[in-house]
Amino acid sequence: MSLTVRHVSLPFLAPFTTSFGTEAERDALVLQFDSEGVRAFAECVTSAGPYYSYEDNQTALHVIRDYLAGLLKDNPTPQAFSEAAEHIRGHSMAKAAVEMLLWDYHAKAKGVALSRDLGPSKGYADVGVSLGIDRREVTLKRVGDAVKRGYQRVKLKIERGKEYDIVKSVRDAFPEIPLSADANSCYRLRDAPALKRLDRFGLVYIEQPLGHDDLLDHAKLARIISTPICLDESITSAERASQAFETDAAEVINIKPGRVGGLGNSIQIAKIAKKHKAHVWVGGMLETGVGRSFNVSLASTRLVDYPGDTSPNDKYYAKDIVKNPFTMTGGRIRPNKSPGIGVELDNVFLARVTKKTWKLL
Ligand code: OSB
Ligand code: MG
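Novice: What exactly am I supposed to notice about the coordination of the magnesium ion (ligand 2) here?
Specialist: Any two of four tetrahedral donors ideally make an angle of 109.5 degrees at the metal, while pairs among six octahedral donors ideally make 90 or 180 degrees. Distances from the magnesium ion (ligand 2) to its protein donors, D182 (OD), E207 (OE) and D232 (OD), fall at 2.1 to 2.3 Å. Looking at D232, the relative accessible area reads 0%, which means it is buried.

Below you can see the structure in the form of structure tokens.
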């Protein structure tokens, strides 16, 4: 049995800017687990610094090495692992990386595709695009290209004070497209008037306008604006999802398996949303082909009803670490059919982009 973690650095085709900063490359931790002749992979969604969340690559590596790796003996099921890891507070991204490693492991051991193992499947994921903050002309060009490529929804990253102009420009040029805006937590409740001005643009939702761990002020904001609220950062567990719906803080949740502790919790959150007649979609963290394959599998389950941020690999990278990147037709991506996540690693390229390797088991 062995557990290997690689720090992989892959340059983006273009830097990605959100209200919390700009990233020029994906600094990913890629996990590899070998046991009883089965080789599994997963990706931790943390990045170099603690900006989207308090977790970053260093905290994740620490938690995986010092607390989670030891729980892998006897190849536990993802559910058994999550129960064993419950006494460790927080660190959902580190836990999710190991939980997903076990989903891939057990799906491969059984010889079934992960997308089948996750429950009833649509057979495809509905795909939208997330566009980083950029100059107006660049954004308008990107939206036009996205519409031409068949994306089913366009999400614009917004920043405080500049939201009205960018959303208006895009809406004026594309009156009909399903459009959303993601603030990544850059507003406070006192900014409600600026957010209310966006109501006129008919956004399908506004994503995480307020505090990264807030529910209460989102519930207050929901009574002021007519645009539905989608929560991302604030939803770190199934309990938080229930609380968000019970308090009417959100009508939509962006599920990122990495943020909520893994695929088991993701499915639970999707079921909770269904019970509340709310909507869910699968988000992204600019993952390499490894992390992307988990997101696409989850997004193709019947429980997920809105288009997600699971663009094909070539939106992000000139070359990815997998040999079989996803392709999109008609705004849909089909999950891989071979066992587990079904990606084939390009080992030569992987070695070239690996900055450091740790043997944890
Ligand atoms: O808030 O959804 C977000 C990227 C990095 C961190 C946070 C977010 C995002 C994205 C991009 O919106 C989604 C993707 O294309 O992977
Ligand atoms: Mg978001």
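What follows continues from the structure just given.
Novice: What is the right way to look at the side chain of K95 in this model?
Specialist: Following the sequence through the fold, K95 ends up in helix 3 (residues 92-110). Summary of buried charges: K95 has no salt-bridge partner, and the nearest side chain of opposite charge, E86, is 8.0 Å away. Within the structure, the side chain of K95 is placed 3.0 Å from the backbone oxygen of G90, a separation counted as a polar contact. Contact partners of K95, with chain neighbours within four places excluded, come to L68, F81, A85, E86, I88, R89, G90 and G261.

Novice: Please clarify how the nonpolar core should be interpreted in this entry.
Specialist: For soluble globular proteins, the rule of thumb is that nonpolar side chains tend to be buried together. Formed by 115 residues in total, the largest nonpolar core has its most connected members in I64, L68, V154, I158, V167, V290 and I321. With near-sequence residues (within four places) excluded, I321 lies in contact with V8, L10, V30, T288, V290, E344, L345, D346, F349, L350 and V353.

Novice: Got a minute to help me understand unusual backbone geometry in this structure?
Specialist: The general pattern is negative phi for most residues beyond glycine and trans for most peptide bonds. Its identity as a non-glycine residue notwithstanding, H91 has a phi of 55°, on the positive side. With respect to the helices and strands, the residue H91 is situated in the loop between helix 2 (78-84) and helix 3. With phi around 60°, L286 is a residue other than glycine that occupies positive phi space. Tracing the backbone shows L286 in the loop between strand 11 (279-282) and helix 11 (289-299).

Novice: Looking at this structure, how should I read helix 5 (residues 136-149)?
Specialist: Because an α-helix packs 3.6 residues into every turn, residues spaced three or four apart end up facing the same way. Here helix 5 contains 14 residues, and its C-alpha end-to-end distance of 20 Å stays within 8% of the 20 Å for a straight helix at 1.5 Å per residue. Taken together, the buried positions of helix 5 are occupied by T139, V143, G144 and A146. Looking straight down helix 5, one finds its buried side chains confined to an arc of 160°; they lie on one side. Of the exposed residues in helix 5, the ones pointing more than 90 degrees away from its buried face are K141 and K148. Once helix 5 finishes, G150 follows within two positions and takes phi at roughly 100°, a positive value.

Novice: I would appreciate a short explanation of the sheet that holds strand 10 (residues 252-255) in the present structure.
Specialist: Strand pairing in a sheet relies on backbone hydrogen bonds, with the paired strands running either antiparallel or parallel. Taken together, 7 strands build an open sheet; the order of strands is 5-6-7-8-9-10-11 and the sheet is parallel. Sheet topology places strand 5 (129-131) and strand 11 at the edges, where each strand pairs with a single neighbour. Sheet twist, expressed as the average angle between the axes of neighbouring strands with direction ignored, equals 25°. Strand direction decides the pairing type here: strand 8 (residues 205-207) and strand 9 (residues 229-231), joined by 2 bridges, are parallel. Paired with I206 across the strands is I229, a residue of strand 9. Contacts from helix 10 (residues 263-275) reach strand 10 and strand 11, with the element oriented near 170° to strand 10.

Novice: Help me out: how do you make sense of the packing of helix 5 against helix 6 (residues 163-173) in this one?
Specialist: The relative placement of two packed helices is expressed as an angle between their axes plus a distance between the axes. The geometry of helix 5 relative to helix 6 is characterised by a closest axis approach of 10 Å and an angle of 40° between their N-to-C directions. Judged by the inter-axis angle, helix 5 sits oblique to helix 6. Where helix 5 crosses over helix 6, the two elements pack in a sense that is right-handed. Counted together, R136, T139, L140 and V143 of helix 5 and I166, S169, V170 and A173 of helix 6 form the full contact between these two elements. Taken together, the residues of the contact of helix 5 with helix 6 sort by class into 5 nonpolar, 2 polar and 1 charged.

Novice: What is the right way to read the pattern of salt bridges from this model?
Specialist: Oppositely charged side chains can pair when the atoms bearing their charge come close. For the coordinates displayed, the defined rule picks out 24 salt bridges. For D126, the salt bridge goes to R332, with nearest N and O atoms at 3.8 Å. Of the two residues, D126 is situated in strand 4 (residues 125-126) and R332 in strand 12 (residues 332-333); the sequence distance between them amounts to 206 residues. Assessed through its relative accessible area of 13%, D126 is described here as buried.

Novice: I tried to follow the site of ligand 1 on my own but got confused; where do I start?
Specialist: Among the 17 residues in the neighbourhood of ligand 1, the closest are listed as S130, K157, N184, L286 and Y316. Note that an oxygen atom of ligand 1 is positioned 3.1 Å from one of the side-chain N or O atoms of K155. Note that an oxygen atom of ligand 1 is positioned 2.5 Å from one of the side-chain N or O atoms of Y316. When ligand 1 is considered free in solution it has 390 Å² of accessible area, and contact with the protein chains removes 99% of it. A per-class count over the shell around ligand 1 returns 6 nonpolar, 4 polar and 7 charged.

Novice: Explanation requested: the environment of N184 in the structure shown.
Specialist: Considering the arrangement of structural elements, one finds N184 in the loop between strand 7 (179-182) and helix 7 (192-196). The buried category is assigned to N184, whose relative accessible area is 7%. Considering only alpha carbons, one finds N184 and K157, 27 residues apart in sequence, at a separation of 7.9 Å. Setting aside chain neighbours within four positions, we find N184 in contact with T18, S19, F20, Y52, K157, E207, Q208 and E233. Looking at N184, its side chain comes within polar contact range of the side chain of K157, at 2.7 Å.

Rules used throughout
Residues numbered from 1 in each chain as written. Chains lettered and ligands numbered in written order. Predicted model: local features only at pLDDT ≥ 70, side-chain atom pairs only at ≥ 80, totals over all residues. Heavy atoms only, no water. Donors = N, O, S within 2.8 Å, 3.2 Å for Na, K, Ca; no water. Buried < 20%, exposed > 50% of the residue type's maximum accessible area, 1.4 Å probe, protein only. Helix = DSSP H or I, 4+ residues; strand = E, 2+ residues; numbered from the N terminus. Lys, Arg positive; Asp, Glu negative; His and termini not counted. Salt bridge = Lys/Arg side-chain N within 4 Å of Asp/Glu carboxyl O. Polar contact = N/O pair within 3.5 Å; in protein donor to acceptor, adjacent residues only side chain to side chain. Contact = heavy atoms within 4.5 Å. Core = buried A, V, L, I, M, F, W, Y, C linked by side-chain atoms within 4.5 Å. Expected span 1.5 Å × (residues − 1). Arc of directions from axis to C-beta. Pairing = 2+ DSSP bridges. Axes fitted to C-alpha atoms, helices over the stretch in contact; angles between N-to-C directions. Parallel < 35°, antiparallel > 145°, perpendicular 65-115°, else oblique. Left-handed = near helix turned anticlockwise from the far one by under 90°. Nonpolar A, V, L, I, M, F, W, Y, C, P; charged D, E, K, R; others polar. Near = heavy atom within 4 Å. Areas by Shrake-Rupley, 256 points an atom, 1.4 Å probe, with all protein chains shown as cover.

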